[in-house]
Every structure is written in structure tokens, then in C-alpha cells.
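Commentary on secondary and tertiary structure
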Amino acid sequence: MAMKIRLARGGSKKRPFYRVVATDSRMPRDGRFIEKLGTYNPLLPKDSEERVKLDMERIQYWLDQGAQPTDRVSRFLEAAGVLAKKDRANLKKGEPGQKAKDRVQEKADKAAAAAEAAAAPAEAPAEAPAEEATAEE
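Here we summarise the structure given alongside this text. Residues take numbers from 1 onward in each chain, read along the sequence in its written order. Where totals are concerned, whole chains, interfaces and linings use all residues; where local detail is concerned, this predicted model gives features only for residues with pLDDT of at least 70, and gives and counts side-chain atom pairs only at 80 or more. Excluded from the side-chain calculations are hydrogens and water; all other atoms, namely the structure's heavy atoms, are used.

Considerations on the nonpolar core
Quick reminder of the rule: For our purposes a nonpolar core is just a set of buried Ala, Val, Leu, Ile, Met, Phe, Trp, Tyr and Cys residues, chained together by side-chain atoms within 4.5 Å. Exposure classes here rest on a 1.4 Å probe applied to the protein chains alone. A residue is buried below 20% of its type maximum, exposed above 50%, and partly exposed in between. Comment: elements are numbered from the N terminus, with helices defined as DSSP H or I runs of at least four residues and strands as E runs of at least two. Contacts are assigned to residue pairs that have any heavy atoms within 4.5 Å of one another.
In this structure, Ile5, Leu7, Val20, Leu37, Ile59, Trp62 and Val73 are the most contacted members of the largest nonpolar core, which totals 14 residues. When contributions to this core are tallied by element, the ones reaching two or more residues are strand E1 (3–12), strand E2 (15–24), strand E3 (35–40), helix H1 (56–64) and helix H2 (71–80). Once residues within four sequence positions are removed from consideration, valine 20 is found in contact with Ile5, Arg6, Leu7, Glu35, Lys36, Leu37, Gly38, Thr39, Leu54 and Val73.

Some thoughts on unusual backbone geometry
Phi at lysine 14 is positive, roughly 65°, even though this residue is not glycine. Tracing the backbone shows lysine 14 in the loop between E1 and E2.

Considerations on the sheet that holds strand E5 (residues 68–69)
Let me state the cut-off plainly: Any two strands with at least two DSSP-identified bridges between them are counted as paired.
In space, the 5 strands of this open sheet follow the order E4-E3-E2-E1-E5, with mixed pairing throughout. The open sheet terminates on both sides in strands that have one partner only, identified here as strand E4 (52–54) and E5. Of the pairings in the sheet, the one linking E2 to E3 comprises 5 bridges and is antiparallel in character. Among the inter-strand pairings, arginine 19 is bridged to a residue of E3, identified as threonine 39.

Some details on the packing of aromatic side chains
How two aromatic rings sit relative to each other is set out by the distance from centre to centre and by the angle between their planes. Here is the rule we go by: Two rings belonging to Phe, Tyr or Trp (six-membered ring only in the last case) form a pair when the distance between their centres is within 6.5 Å. Interplanar angles under 30 degrees mark stacking, angles over 60 mark edge-to-face geometry, and anything in between is tilted.
In this structure the tally under the stated criterion is 3 aromatic pairs. Taken together, a centroid distance of 4.8 Å and an interplanar angle of 55° make the contact between tyrosine 40 and phenylalanine 76 tilted. Separated by 36 residues along the polypeptide, tyrosine 40 in strand E3 and phenylalanine 76 in helix H2 bring together distant segments of the chain. Phenylalanine 76 carries the same exposure label as tyrosine 40, and that label is buried. Residues tyrosine 61 and tryptophan 62 carry aromatic rings whose centres are separated by 5.3 Å and whose planes lie at 75° to one another, so their mutual orientation is edge-to-face.

Distances and angles like these do not, on their own, reveal function.
Structure (C-alpha cells):
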């Protein structure tokens, strides 16, 4: 039997609450589980002690039995110091798209042009009186 340590969702609509459970991997997410190992309440502040509660003895038992934690549960266990930190692929999801990059480039070009334009008139009035003097003669 392939065992998993994963989150089972509870709570009402838009008010999630999760139980950390040991279950057979073939069971549905919120279906039958073997043992409840803790809770996770994402609505609480990140520094709250009540946000993540884990029964470390039982989790260690299930890990010794060969249970595989899901990614989110393994992050909880890494934060608790039970598992060693894994290197994860940092996908480029956070990188802006090509259109956004083009807009930033255009804005930078306009700002550079405006800076040049602001610098050019400051130099022009110094030359203008000399031209006016020759025009008056």
C-alpha cells in the first residue's frame, strides 16, 4: 500500500481548513484516511503558533513506515526541522511576460528622452542671447 502524508480540506466555501492525514494514495483527497496527524489553518497569520500543528511522533512513525509527504506537507516538515531542505526548481512563473517587458522598456526610453530634452533646453538659452545680439545688428 502506497502511503501519503497529505492535506485533507475541510471548512466551508472560501474558509479553508486542512487536516494533515496519513492515507492510502488511492483514496480521494477528502476521503477516508488512516490517521489524523495535525492541522493547518491558512487564515491565521503566518507567525501564529495555531496556524500549523503537527504530531511529530506520529509523523516520524509514518515516515519510517515509508509514507511520502506531499510538497506542502514536506515544506511544513522542513520548517519544523524534521526533513532536510530540498532544492526546488524555481519556475519562471513570477517573471513578467514579453508585453510587460516591452512596456517597461518603452517607459525607460521615454524617461531617457525626457531627461535629454530637459538637459538640452538648459544649454540652449546660453546660446540664444548671442544669436539675438547678431539678429538685432
